[in-house]
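Single-letter residue listing:
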Amino acid sequence: MFAGYMLNTWAAASMVAVVAGVVGFFIVLRGSAFVAHAVPHGAFGGAAGASLLGVSTLYGLGVFAVGGALAIGWLGRRGRHDVVTALSLVLMLALGALFLSMSSEYSAEVFSLLFGEVLGVARSQLLPIAGLGVAALAVMAIVYRPLLMLSVMPETSEARGLRPRRLETIFMLVVAMATAMTVPVVGAFLMFSLTLGPAAAARSFTSSPAPALSLSVAIALATVWVAIALAYVTNWPVGFYVGITGLVAYGAGRAFLAWRRRRVADAP
Amino acid sequence: MNEGVHVLFEPGFFSSATVHSALVVGAVVAVVTAVVGTFTVLRSQAFAGHSLGELGTTGGSAAYLGGVNPLWGFVVIAVVSGGIIESLGVRRPRLRDLTTGLVLGGGLGLAALFLYLDTTSSTTTGASVTILFGSLFTVSSNSAPVIVALSAAALGLVGLCYRMLLLGSLDTDLAAARGVPVRFVGFAYVLSLALAVSLAAATIGAVLSTALLVGPPAAALRMTKRPSTALAASAVVGVVATWVGILLAYDSYYWPPVHRGWPVSFFIVTLVFVFYVIVDLATSMRRRRQPPVRGH
């Protein structure tokens, strides 16, 4: 499990988990679960296109994730946000279906893009993943305070001199960066599980921002480590374990919340 | 004359039984999704609609594993998870999206496992692609009657509680004040949504079903505010997009780069998306030209 060729996977997955934990914290705070689902999921279309053209899937993922994020932002200013997100997502996926129908791609490769592949991380991928991860974290560090303000109190943000639209666009671009680095490891379908589950669980344990953020990162790390270990042992897809572990973490968080509420209610 | 016709319709389009059944099934499904989808858009539940469709992947792949018609997998999983999401009963949209997303994440995890077992244990290759992206041309002739029957059931359900559903979708508090059983209407709506989405999943694919559910109604609601007109308009848009999509897909067997034909679902989704963007641009331009009437 810790052989040389697996070290790439462990390293990549850990970087992915840190970024997913941070981004996920804001996604849960802002309640933008649908966008968190749509961007990585739609980016699958780009990966299919990249493999049709014979270039690295990272480029395809990046182009589609950024394009999708910007399209949702642009169309969403005038229409209903959820409708626009849904339509952009299905368009990207439909393009993916078209690319798949044109290529003679081996179905196992398609499958690993959708649901993740433990052994899928090559040494050459580590550097781009690390670069994207550092960039995403740096941007999040810069916009941390204003984004937190905007997410918690959207009404007063303009009065405080924040620019909501620009902040939202920046955040969407961070989601796109996180997508491009995460999808090759956990797959397009389950990336949002990794962003949503740990962050939602963390929020039930504590409501103050900084501890919740750290806890979200910790749970995300634990999730990918458990998922990779189990996937390695059983040979089942990583995505399965990421999805289930995310749900279990959230369930534990809710149970803790219910237990604490009852204790508070019982206290004399 | 014949030449002109052939430019649009490649030979054999009107005589092919596959095309006939695709046209009929496609139209029925487009009407049902358009009607149910109008309420989905009014209730701002596009994410729930999308999740139920996508969870169809889980049901469809499980059905493949058990050797059952995937349609039943779509229906069962959509009804069950729709019931779960609705019975969690979260009214605040942000939290609602979160719980929907978590249910979806767990379901997709299972789908990953089932599809993996499908590809390793059986000889049916391409199961995942068919379930995810669908094809109207491969809808088997014995599922056509089932699709029509389920469509009738979904339409009947919407028809029975039309007024309550409309009031409940436009203003929940007002509806509750007027004595509409809001919880009951919510469940009735989710049941019809689950049926409509699983029909769309069986025809244009689990992950693409949202296009028909949300696209035509959203465009129609931009054009008119009258609910009954919007219902009719979105049904028309859905059927036209489906039919033109089938025609283009049929013609595309003669197109480069590979003469295998482009996927039907690709055309339908693209047509719906382009139509929505055109309506979006046209309505916002019209609004800009006529400045809103200001109160005194």
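Everything below is about the structure shown above.
Residues numbered from 1 in each chain as written. Chains lettered and ligands numbered in written order. Predicted model: local features only at pLDDT ≥ 70, side-chain atom pairs only at ≥ 80, totals over all residues. Heavy atoms only, no water.

### Focus: the nonpolar core
If you look at the biggest cluster of nonpolar residues, it comprises 179 residues, and the most contacted ones within it are F44(A), F189(A), F133(B) and L208(B). If sequence neighbours within four positions are ignored, F44(A) has contacts with L61(A), L93(A), L100(A), V110(A), L113(A), L114(A), A188(A) and F133(B). (Core = buried A, V, L, I, M, F, W, Y, C linked by side-chain atoms within 4.5 Å. Buried < 20%, exposed > 50% of the residue type's maximum accessible area, 1.4 Å probe, protein only. Contact = heavy atoms within 4.5 Å.)

### Some thoughts on the interface of chain A and chain B
Taken together, the 52 residues of chain A in the interface contact 52 residues of chain B. Both sides together, the interface formed by chain A and chain B hides about 4500 Å², and carbon and sulfur atoms give 78% of it. A per-residue breakdown of the area chain A buries against chain B is headed by R78(A), L87(A) and M102(A), which together make up 13% of the total. Across the contact surface, chain A and chain B share six residue pairs in polar contact (both at pLDDT 80 or more). Going through the elements one at a time, α1 (4-30), α2 (33-53), α3 (57-76), α4 (81-102), α5 (107-115), α8 (191-205) and α10 (238-266) of chain A are the ones with two or more residues in the side of chain A that touches chain B. Sort the elements by how many residues they give to the side of chain A that touches chain B and α4(A) lands first, with 17 residues. (Buried area = accessible area lost by both parts, 1.4 Å probe. Polar contact = N/O pair within 3.5 Å; in protein donor to acceptor, adjacent residues only side chain to side chain. Helix = DSSP H or I, 4+ residues; strand = E, 2+ residues; numbered from the N terminus.)

### Re the layout of surface pockets
Space left empty within the atom packing is revealed by a probe, the size of a water molecule, rolled over the atoms. As a volume, the second largest pocket reaches approximately 840 Å³. Forming the boundary of the second largest pocket are 35 residues, of which Y250(A), R254(A), L95(B), L98(B) and T99(B) lie nearest the centre. Taken together, the elements giving at least two residues each to the lining of the second largest pocket come down to α1, α8 and α10 of chain A together with α3 (46-66), α4 (70-88) and α5 (93-121) of chain B. Partitioned by chemical class, the residues of the lining of the second largest pocket number 19 nonpolar, 10 polar and six charged. (1 Å grid on protein atoms, 1.4 Å probe; cavity = no way out; pocket = protein on both sides within 12 Å on 5 of 7 lines; lining within 4 Å. Points joined across faces, edges and corners; volume = space filled by probe spheres on them. Nonpolar A, V, L, I, M, F, W, Y, C, P; charged D, E, K, R; others polar.)

### Section: the packing of aromatic side chains
Scanning all chains against the criterion turns up 12 aromatic pairs over all chains. Both rings, one in F26(A) and one in F171(A), keep their centres 6.2 Å apart while their planes meet at 65°; by these two values the pair is edge-to-face. Of this pair, F26(A) sits in helix α1 while F171(A) sits in helix α7 (residues 164-186), and the two are 145 residues apart along the sequence. When sorted by exposure, F26(A) lands in the same class as F171(A), which is buried. Centroid distance F205(A) to F256(A): 4.8 Å. Interplanar angle 40°. Geometry classified as tilted. With F205(A) in helix α8 and F256(A) in helix α10, this residue pair connects regions lying 51 residues apart in the sequence. According to the relative accessible area criterion, F205(A) is partly exposed, its value standing at 28%. Grouping aromatic residues by their ring pairs yields a cluster made of F25(A), F26(A), Y144(A) and F171(A). Sitting above the plane of the Y189(B) ring, R43(B) keeps its charged end 4.6 Å from the centroid. (Phe/Tyr/Trp six-rings, centres within 6.5 Å; stacked < 30°, edge-to-face > 60°. Lys NZ or Arg CZ within 6 Å of the ring centre and 35° of its normal.)

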